[in-house]
Amino acid sequence: MSQQHPQQPAQPYPPQQPGSGAPEPQPPKKRGIGRIAGLGCVGVIALFAVAAVATGGGGDDSGDGSNKDKAVTADSKREKDRPAAEKSQAERFRACVAEDGTKTEKAAVEHVTKVTGADKRNDILDAAEVYTDFQGGLTGPHQGEGKLIASAFTSCYESDNGLVTVYDENGEILANANY
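Residues numbered from 1 in each chain as written. Predicted model: local features only at pLDDT ≥ 70, side-chain atom pairs only at ≥ 80, totals over all residues. Heavy atoms only, no water.

## Details of the nonpolar core
Right, so step 1: Phe-93, Val-112, Val-115, Val-130, Ile-149 and Phe-153 are the most contacted members of the largest nonpolar core, which totals 20 residues.
Right, so step 2: For this core, the secondary-structure elements that each account for two or more residues are helix 3 (89-100), helix 4 (103-109), strand 1 (112-116), strand 2 (126-132), helix 5 (143-156) and strand 3 (162-167).
Right, so step 3: With four residues, helix 5 is the largest single contributor of residues to this core.
Right, so step 4: Not counting chain neighbours up to four residues away, the residues in contact with Phe-153 comprise Phe-93, Val-115, Ala-118, Ala-128, Val-130, Val-164 and Tyr-179. (Core = buried A, V, L, I, M, F, W, Y, C linked by side-chain atoms within 4.5 Å. Buried < 20%, exposed > 50% of the residue type's maximum accessible area, 1.4 Å probe, protein only. Helix = DSSP H or I, 4+ residues; strand = E, 2+ residues; numbered from the N terminus. Contact = heavy atoms within 4.5 Å.)

Here it is in structure tokens:
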């Protein structure tokens, strides 16, 4: 008499002998669409975070002892009393235009509030920025004054490959020029 092995009802597949040649069933593959979408969102958020830090949105370091420019609100008497090394870039630019500028350039330069990048030149790619209290941007009513300020800047500073950009109080470009 032959004996048969009873099958257990809990097993979905009949038991197989090792080496019987029948392939073992593979579990279904999981789709990674949710994982890919999640990683994509994390990547976009990381990109925004890096961009915010790179553009200066990372915070204000009040303990910074460097010689950064500050908005100029000092009266002209105080400017004349301080040594040249202590004057801001905006004050030095105004002093240069006061000595050598035309009457219209002098009037336009009175609206300059801040100058950056004028003291760091390497003649490879020099980029100076001049900020004013004008409004209206490139097509506004103060475009002419912006061009005068850029022209006055080129008279005061020299570079083999420099670009000065003049901005209004909202950060919109008024004018630019090579210097």
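## Thoughts on the environment of Leu-163
Right, so step 1: By secondary structure assignment, the location of Leu-163 is in strand 3.
Right, so step 2: Note on Leu-163: relative accessible area 34%, which makes it partly exposed.
Right, so step 3: Taking the C-alpha atoms as reference points, Leu-163 and Asn-176, separated by 13 residues in sequence, lie 7.0 Å from one another.

## Some remarks on the packing of helix 3 against helix 5
Right, so step 1: Relative orientation of the contacting elements helix 3 and helix 5 amounts to 85°, with a least axis distance of 10 Å. The orientation of helix 3 with respect to helix 5, classified from their angle, is roughly perpendicular. Note on element contacts: helix 5 touches helix 3 through Ile-149, Ala-152, Phe-153 and Cys-156, opposite Phe-93, Cys-96 and Val-97.
Right, so step 2: Its residues assigned to classes, the contact of helix 3 with helix 5 shows seven nonpolar, no polar and no charged. (Axes fitted to C-alpha atoms, helices over the stretch in contact; angles between N-to-C directions. Parallel < 35°, antiparallel > 145°, perpendicular 65-115°, else oblique. Nonpolar A, V, L, I, M, F, W, Y, C, P; charged D, E, K, R; others polar.)

## Some points on the environment of Pro-141
Right, so step 1: Turning to its location among the elements, Pro-141 is positioned in the loop between strand 2 and helix 5.
Right, so step 2: Beyond its immediate chain neighbours, meaning those up to four positions away, Pro-141 contacts Gln-135 and Gly-136.

## Focus on the pairing of strand 3
Consecutive side chains of a regular strand alternate in pointing toward one face of the sheet and then the other.
Right, so step 1: Burial within strand 3 is extensive, with five of its six residues counted as buried.
Right, so step 2: In the sheet, strand 2 pairs with strand 3 via six bridges, with the strands oriented parallel. Within strand 3, the position partnered with Val-130 by the bridge is Val-166.
Right, so step 3: Read as a crossover between parallel neighbours, the route from strand 2 over helix 5 to strand 3 is right-handed.
Right, so step 4: Pairing of strand 3 with strand 4 (residues 173-178), which is carried by five bridges, proceeds in the antiparallel orientation. Paired with Leu-163 across the bridge in strand 4 is Asn-178.
Right, so step 5: In sequence, strand 3 turns back onto strand 4 through a hairpin of five residues, with Gly-171 there showing a positive phi of about 85°. (Pairing = 2+ DSSP bridges. Right-handed = clockwise from strand over helix to strand, strands pointing away.)

## Considering the sheet that holds strand 1
Right, so step 1: Read from one edge to the other, the open sheet built from four strands follows the order 1-2-3-4, with strand pairing classed as mixed. In the strand order of this sheet, the two ends are held by strand 1 and strand 4, each with one partner. Taken over all neighbouring pairs, the strand axes of this sheet differ in orientation by 15° on average, direction set aside.
Right, so step 2: Packing of helix 3 onto the sheet brings it into contact with strand 1 and strand 2, and relative to strand 1 it is tilted by some 110°.
Right, so step 3: Packing against the sheet, helix 5 makes contact with strand 1, strand 2, strand 3 and strand 4, and its axis sits at approximately 30° to strand 4.

## A word on the packing of aromatic side chains
Within a pair of aromatic rings, the relevant descriptors are the distance that separates the centres and the angle that separates the planes.
Right, so step 1: In the structure shown here, the tally under the stated rule is five aromatic pairs.
Right, so step 2: Seen from their ring centres, Phe-93 and Tyr-157 are 6.4 Å apart, and the 35° between their planes marks the pair as tilted. Note that Phe-93 is positioned in helix 3 and Tyr-157 in the loop between helix 5 and strand 3, a separation of 64 residues in sequence. Here the two residues Phe-93 and Tyr-157 agree in accessibility, since each one is buried. (Phe/Tyr/Trp six-rings, centres within 6.5 Å; stacked < 30°, edge-to-face > 60°.)

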